[in-house]
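# Coordinate analysis (summary)
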Amino acid sequence: MKLTVMLSLVPTGHLIRQFLLPLALSPSLLTNCSRRRSGERISCFPATMFVVLLLLFVLNHHTSGAQIPNQGQAKDPPVATNGQPFPWDRMRLPTTISPLHYDLTIHPNLTTLDFTGVVRISLDVREDTSVIILHAKQMLISNVMLLAPEGIRPLRVLEYPRFHQLALLSDSVLTKGRNYEVQLEFAANLSDSFHGFYKGSYRTSSGEVRVIASTQFEATFARGAFPCFDEPAFKANFTIRILREPRHIAISNMPKVKTVELPGGLLEDHFDTTVKMSTYLVAYIVSDFLSVSKTTKHGVKISVYAVPEKIDQTAFALDAAVKLLDFYDDYFDIPYPLPKQDLAAIPDFQSGAMENWGLTTYRETGLLFDPERSSASDKLGITKVIAHELAHQWFGNLVTMEWWNDLWLNEGFAKFMEFISLDITYPELHVDDFFLGKCFEAMEVDSLSSSHPVSTPVENPTQIQEMFDDVSYDKGACILNMLRDFLSPEAFEIGIIRYLKRYSYQNTVNSHLWESLTDICSSDALDEGRLKHTEFCSKVKLQSGSSKWYSDDELDVKAIMDTWTLQEGFPLVTVEVKGREVRLSQERFLRTDNPSLTQGFLWQIPLTYMTSASSTVHRFLLKTKADVLYLPEEVDWVKFNVNMSGYYMVHYAGEGWNNIINLLLYNHTAISGNDRASLIQNVFQLVSVGKVRLDTALELSLYLSKETEIMAVTQGFGELVPLYKLMEKRDMTVLENQMKDYIVDLFRDLIDRQEWNDSGSVSERVLRSYLLLFACVRKYPPCVAKATQMFNSWKDSDGTMSLPVDITMAVFVIGARTPEGWDFLFEKYRTSLQMSVKSRIKTAMTVTHMQDKLKWMMEQSLRGEVMKTQDLPDVVASVGRNPHGYKLAWDFLRANWHTLIKKFDLGSNTVSYMVAGVTNQYSTREMLQEIRNFFDSLTEEEGSKMRCIQQTYETIEDNIRWMDTNLPLLQAWLNKRQLRAPHEDL
């Protein structure tokens, strides 16, 4: 049997993870034969040499050109639509030809809802060839010509829809180094989805429906708008012209340079040529939008576009964009390279926003702000999303990942920079209070065996779409934050500036980033740097390394970070204190009943800790499976992962958790709010893997009656509420109500202290909204009485009375309990032009117990006339959490599955969000089987292989194990508690 055949029988991820990867991540493997790894001695030769060679072979076999058997390559010889052999059998395009420049003319017809166009592409021929392979999807191609030095001639065209590819066949060879162009005419319908060049609409206050056309090309949808080389490494310049009617405007990545009048009354807008960029960043919009503009201190024109009736809600976004673009211009020490930056609020938009270079696009709720009616959390959310998209203008647009396997280089950085930029430009938003939540969300999916490495091979469009998840965004941001803490903020900033300057207008892989963050004070690095760089390195040199907590031989950034990006999951560090001795060990944290799946993982972990004897942050790099460190004296407690700057969990063995519980009960402010939040999260998650008893975690939760910090309070809710949500889907009313009453009792004093107004800091206001909403949903009598009185007054005024913004969710939820109140809310939803108000009303309406209303909302959202289809995922997930609606949500998801995957796209985060939102609180074997039966009935083209489905199975199995193990403990513990009078159930 050939080696390639043998390898094909072994699951590659398992092979690499269990055996090869831990060896490959040991940089001194070949030179230090007696080195200890994970407590064992390993010999160098011949076994090690064979393993390394085998690893290189496997990695090359599976990632070279990122070709995965049976995914990146056609299983059978590909056949074109006309029955002829198609000359290329791989999903990835060949590199024999690449584009240099696109001349693109587009004519969308907003009456007939289709478009025509012509594209002329200048080619760089790198090898002699007679075939040009490029992308086109669901469009009619005609008049394909080759413009060669010897003249113009037609090309034959073959189509292979499975891979969205065209083959242009020339009768003569295209010679390496010569200049050629191809020209293609094309036509297609405007897309019915939210991808490609798609149609959208909005309704004016007078009831008129107006149509717009806009683009969303990330990740693989430019090919549905014009023929192109639709992969991120094929960067080129674009010159765009758009035909339109006089009643519309057109905007694109670059400023308009002129408008030409055409016969028949049409206008043709000519836009300036773009910088060199990837196809997924091309953007254009034809609409009736209005705009407002300002200029940054660096001379960049910023404009915000919105539908005419909402243009008065753009002032906040405009000011934020000016402020943030100036910040990034200075922080990255690289001038923003375009003359303008537009921000457009799109009425129909699936994702939160998109970073198209020079024309960022947003949901209306992500951009429009009404000072009178938008909440503190609205302001925080809008500012964060603008910060995210503008960070992309450097991370992603200027420097782009080579392939989608390294999407995190774009998204993890942009998510991370949200918090770095806002901490400086908007200190009043207190964004640090919210960063930790991103790490907790990432850990939720990263603790499943179906998680994936931050950098992982992907091939087809579904797999690429699946990369846009919490691992790429949130885990990416969290490991960058950990690295920044490890290197120091100054060294990290210098390294990323070096990375951006080195690779401007290029494509990168992981190792380029690690190289840029290594040896930042070398002479070569100083030549690339700036004044701040030189000052920092001079300071470090004067201090002779005293500012660092690692020795130079430890600072192998690539060796450290490969352990965080090339293997899935994250470590659980077990800490056991014996006198002055602290014993440390690491293993993968995995919610599974199969221990073998945790084997073979090893991280280099930048540990931080503090003790009862010293508030100083101590540091230790754990590079092995187990190690020991020594304290200068015995202590009452030790807290690892200070402020949770590291992406790992901690288990305090022996008396460790009891010591922590005593600290929290008697002196909880001795550690920070983030430290307290991480302890809450760690202890409850450790219950799910059998490391800690549930009653221990519940004893720790008792301290929450004294808690006031937002992250710790919300994490307390985040761990306790899911326990009764599991019971809501079983017939366990008595225990369920006991748990609900315990949570209300725990936070009663904090709830009672909340004022029903908009005073305080952003964090205080967000916490107030959260607490009062919870109290009203749980029917806590004082909150119900106050909210009822306010809703009735608001309703009696026909909605004209001004309610404090931050408490409106609590008021609306109470109003939605009755048919009359629900109908009144819907009427206000239907007529309101304030997007944040509409969003809150819509959510409140999904909390009602009236099943006919819940079913109607999902149906109307799918139809998209009175409730936007873009909001359907939120509606479905919210109904799925409702104890009166979860069965309706599952039935709806099943019945409309094929419509949903067509509308929202297979593999998208939106589809995953709906699947998880509807299924992740089930905990019975009967329901698991019902869900399996449905998804098993699907074909691969219908989504049966999607990662979110495997995650669903794992989550329900974990819920079943949790209930089987912990229900008796929960019942016994709650019975011991002396609770106040129980409250009526929702």
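Residues numbered from 1 in each chain as written. Predicted model: local features only at pLDDT ≥ 70, side-chain atom pairs only at ≥ 80, totals over all residues. Heavy atoms only, no water.

### A look at the overall build of the chain
So the rule is basically this: Helix numbering and strand numbering both begin at the N terminus, where a helix is a DSSP run of H or I of at least 4 residues and a strand a DSSP run of E of at least 2. Only protein chains enter the calculation, and the probe is 1.4 Å; a residue is then buried if its accessible area is under 20% of its type maximum, exposed if over 50%, and partly exposed in between. In what follows, a contact means two residues having at least one pair of non-hydrogen atoms within 4.5 Å. Using the Shrake-Rupley algorithm and a 1.4 Å probe, accessible areas are obtained, with residue cover drawn only from the displayed protein chains.
Assigned secondary structure in the chain consists of 31 helices and 31 strands. Residues classed as buried in the chain amount to 60% of the 986 residues present. Residue pairs at least 24 apart in sequence account for 71% of intrachain contacts in the chain once pairs closer than 6 positions are excluded. Per element, the accessible surface of the chain, about 37800 Å² overall, is 50% carbon and sulfur.

### Thoughts on the nonpolar core
One recurring pattern in soluble globular proteins is that nonpolar side chains are buried together. Stated precisely, the cut-off is as follows: Here, nonpolar core means buried Ala, Val, Leu, Ile, Met, Phe, Trp, Tyr and Cys residues that are tied together by side-chain atoms lying within 4.5 Å of each other.
Core analysis: the largest hydrophobic core is formed by 319 residues, its most contacted members being Phe226, Tyr284, Ile386 and Phe640. If sequence neighbours within four positions are ignored, phenylalanine 640 has contacts with Val575, Val582, Leu584, Leu607, Thr608, Tyr609, Leu629, Val650 and Tyr652.

### Topic: the pattern of salt bridges
Here is the rule we go by: For this analysis, a salt bridge means a side-chain nitrogen from Lys or Arg found within 4 Å of a carboxyl oxygen belonging to Asp or Glu.
In this structure the tally under the stated criterion is 50 salt bridges. Ionic pairing is found between glutamate 581 and arginine 583, a salt bridge with its closest N-O pair at 2.7 Å. With a relative accessible area of 41%, arginine 583 lands in the partly exposed category. Among the ionic pairs, arginine 925 bridges to aspartate 964, the shortest N-O distance being 2.9 Å. Highlighted residues: arginine 925 in helix H30 (residues 925-936) and aspartate 964 in helix H31 (residues 947-976), separated in sequence by 39 residues. Each of Glu444, Arg591, Asp958 and Arg961 takes part in salt bridges that share partners, so that together they form one network.

### A closer look at the packing of aromatic side chains
Selection rule: For Phe, Tyr and Trp, rings pair up if their centres lie within 6.5 Å, where Trp contributes its six-membered ring, and each pair is then called stacked (planes under 30 degrees apart), edge-to-face (over 60) or tilted (otherwise). Charge-over-ring contacts are defined here by two conditions on Lys NZ or Arg CZ: a distance within 6 Å of the ring centre and an angle within 35 degrees of the ring normal.
A complete count under the given rule lists 56 aromatic pairs for this structure. Ring centres 5.9 Å apart and planes at 55 degrees place the aromatic pair tyrosine 336 and tryptophan 394 in the tilted group. Taken together, the residues span a long stretch of sequence, with tyrosine 336 in the loop between helix H4 (315-331) and strand S20 (340-346) and tryptophan 394 in the loop between helix H5 (376-392) and strand S23 (399-401) at a distance of 58 residues. Given a relative accessible area of 6%, tyrosine 336 falls into the buried group. Of the residues examined, tryptophan 394 reaches a relative accessible area of 0% and is grouped as buried. The cationic tip of lysine 729 hangs over the ring face of tyrosine 886; the distance from NZ or CZ to the ring centre is 4.8 Å. Sitting over the face of the ring of phenylalanine 194, lysine 903 holds its NZ or CZ atom 5.1 Å from the ring centroid.

### So, helix H26 (residues 872-881)
One turn of an α-helix holds 3.6 residues; hence residues three or four places apart share an orientation. Taking burial as the measure, the ten residues of H26 include eight buried ones, the bulk of the element. Listed in full, the buried residues belonging to H26 are Leu872, Pro873, Val875, Val876, Ala877, Ser878, Val879 and Gly880. Buried positions along H26 lie against helix H24 (835-845), helix H25 (851-863), helix H27 (886-895), helix H28 (897-904) and helix H29 (909-919).

### Some points on the state of the cysteines
Rules: Defined by distance alone, a disulfide is two cysteine sulfur atoms within 2.5 Å.
The final tally for this structure, using the stated rule, is one disulfide. What pairs with cysteine 439 in a disulfide is cysteine 478, and their sulfur atoms sit 2.1 Å apart. Judged by the sign of its S-S torsion, about -105 degrees, the bond between cysteine 439 and cysteine 478 is left-handed. Residue cysteine 439 is found in helix H7 (residues 432-446), and its partner cysteine 478 is found in helix H9 (residues 470-487); the two are separated by 39 residues along the sequence. By relative accessible area, which is 4% here, cysteine 439 ends up buried. No disulfide involves cysteine 776; its sulfur sits 4.8 Å from the nearest other cysteine sulfur, which is in cysteine 783. The buried category is assigned to cysteine 776, whose relative accessible area is 2%.

### Re the sheet that holds strand S18 (residues 290-295)
Paired through their backbone hydrogen bonds, the strands of a sheet run either parallel or antiparallel. Basically, it comes down to this: At least two bridges found by DSSP between two strands is the condition for calling them paired. Lines are fitted to the C-alpha atoms to define the axes, a helix being fitted only along its stretch in contact, and any angle between axes, read from their N-to-C directions, falls within 0 to 180 degrees.
Pairing is mixed across the open sheet formed by five strands, whose spatial order is S18-S19-S20-S22-S21. Single-partner strands in this sheet number two, and they are S18 and strand S21 (353-354). Pairing of S20 with strand S22 (residues 359-363) involves five bridges; the strand directions are parallel. If you follow alanine 344 over to S22, its bridge partner there is threonine 361. Contacting S18, strand S19 (301-306) and S20, H4 crosses the sheet at an angle of about 150 degrees to S19. Taken strand by strand, H5 contacts S20, S21 and S22, and its axis lies near 150 degrees from that of S22.

### Focus on unusual backbone geometry
Omega for the peptide link from glutamate 218 to alanine 219 comes to 5 degrees, which places this bond in the cis form. Here alanine 219 is to be found in the loop between strand S12 (209-216) and strand S13 (237-244). With a phi close to 60 degrees, leucine 113 is a non-glycine residue in the positive phi region. The residue leucine 113 is located in the loop between strand S3 (97-109) and strand S4 (114-125) in this model. The phi torsion at histidine 430 lies on the positive side, around 50 degrees, for a residue other than glycine. Mapping histidine 430 onto the fold places it in the loop between helix H6 (408-425) and H7.

### Here we look at the pairing of strand S15 (residues 256-261)
The pairing of S15 with strand S16 (residues 267-271) spans five bridges and is antiparallel. When the sheet's bridge partners are listed, lysine 258 is paired in S16 with histidine 270. Where S15 folds back onto S16 in an antiparallel hairpin, the turn is made up of five residues, including glycine 264, whose phi is positive at roughly 90 degrees.

### Digging into helix H23 (residues 819-831)
Here is the rule: Any helix carries an expected span of 1.5 Å times its number of residues minus one.
For H23, spanning 13 residues, the distance from its first C-alpha to its last is 19 Å, which sits close to the expected 18 Å at 1.5 Å a residue. Listed as buried for H23 are Gly821, Trp822, Phe824, Leu825, Phe826, Lys828 and Tyr829. Where the residues of H23 are buried, they touch helix H21 (781-796), helix H22 (808-815), H24 and H25.

### Some remarks on the sheet that holds strand S7 (residues 151-154)
If you walk across this open sheet you meet the eight strands as S7-S6-S10-S4-S3-S13-S16-S15, and the pairing is mixed. Among the strands making up the open sheet, the edge pair consists of S7 and S15. The average angle at which neighbouring strand axes cross in this sheet is 20 degrees, direction not considered. Two elements, strand S6 (residues 140-148) and S7, share four bridges in a ladder whose sense is antiparallel. Paired with alanine 148 across the strands is glycine 151, a residue of S7.

### Overview of empty space enclosed by the protein
Note the cut-off: A pocket here means an open set of points on a 1 Å grid, computed over the protein atoms alone, that has protein on both sides within 12 Å along at least five of seven lines. A cavity is instead a set of points where a 1.4 Å probe fits but cannot get out; residues with an atom within 4 Å of a point line either one. Grid points are joined across faces, edges and corners, and a volume is the space filled by probe spheres set on the points. Each residue is assigned to one class: nonpolar for Ala, Val, Leu, Ile, Met, Phe, Trp, Tyr, Cys and Pro, charged for Asp, Glu, Lys and Arg, and polar for all the others, Gly among them.
Taken as a whole and assessed by the stated rule, the structure comprises six cavities of 30 Å³ or more. Volume-wise, the second largest cavity comes out at about 60 Å³. If you go around the second largest cavity, the residues you meet are Met91, Arg92, His135, Phe163, Thr220, Arg223, Glu231, Trp403, Glu459, Pro461 and Ile464. In terms of residue class, the lining of the second largest cavity is built from five nonpolar, two polar and four charged.

### Some points on the side chain of arginine 765
Within the element layout of this structure, arginine 765 appears in helix H20 (residues 762-777). Exposure remark for arginine 765: the relative accessible area of 18% places this residue in the buried category. In contact with arginine 765, other than residues within four places in its own chain, are Ser375, Ala376, Asp758, Ser759, Gly760 and Asp806.

### Quick notes on the packing of H26 against H27
Each pair of packed helices can be summarised by the angle the axes make with each other and by the distance between the axes. So the rule is basically this: Oblique is the label for any angle not covered by the other classes, which are roughly parallel (under 35 degrees), roughly antiparallel (over 145) and roughly perpendicular (65 to 115).
Relative to each other, H26 and H27 sit at 140 degrees, their axes nearing to 7 Å. The angle between the axes of H26 and H27 places the two elements in the oblique class. Two secondary-structure elements touch here, H26 through Leu872, Val876, Val879 and Gly880 and H27 through Tyr886, Ala889 and Phe892. Taken together, the residues that form the contact of H26 with H27 break down as six nonpolar, one polar and no charged.

### Focus on the side chain of serine 472
The following threshold applies: The definition of a polar contact used here is a pair of N or O atoms within 3.5 Å, where within protein one atom must be able to donate a hydrogen and the other to accept one, and adjacent residues in sequence count solely through side-chain atom pairs.
Along the chain, serine 472 falls in helix H9. Residue serine 472 is classed as buried on the basis of its relative accessible area of 0%. Polar side-chain contacts of serine 472 include one of 2.6 Å to the backbone oxygen of methionine 467. In this structure serine 472 touches Leu407, Trp408, Glu411, Gly412, His452 and Met467, once residues within four positions along its chain are discounted.

### Quick notes on the confidence of the model for the chain
Spelled out, the test is: A score between 0 and 100, pLDDT records how confident the predictor is in each residue.
Summing up the model confidence of the chain, the mean pLDDT is 88 and the portion of residues at 70 or higher is 88%. Across residues 1-71, confidence stays below pLDDT 50; counting only partners more than four residues off in sequence or on other chains, it has 96 contacts. The low-confidence segment residues 540-549, where pLDDT is below 50, has eight contacts with residues more than four positions distant or belonging to other chains.

### Focus on the environment of lysine 501
By the secondary structure assignment, lysine 501 is in helix H10 (residues 489-502). Expressed as a C-alpha distance, the spacing of lysine 501 and isoleucine 334, which sit 167 residues apart in the sequence, is 7.5 Å. Separated by 2.7 Å, the side chains of lysine 501 and aspartate 333 make a polar contact.

### Focus on the environment of proline 78
With respect to the element layout, proline 78 can be found in the loop between helix H3 (47-63) and S3. In this structure proline 78 touches Pro85, Phe86, Trp88, Asp89 and Tyr160, once residues within four positions along its chain are discounted.

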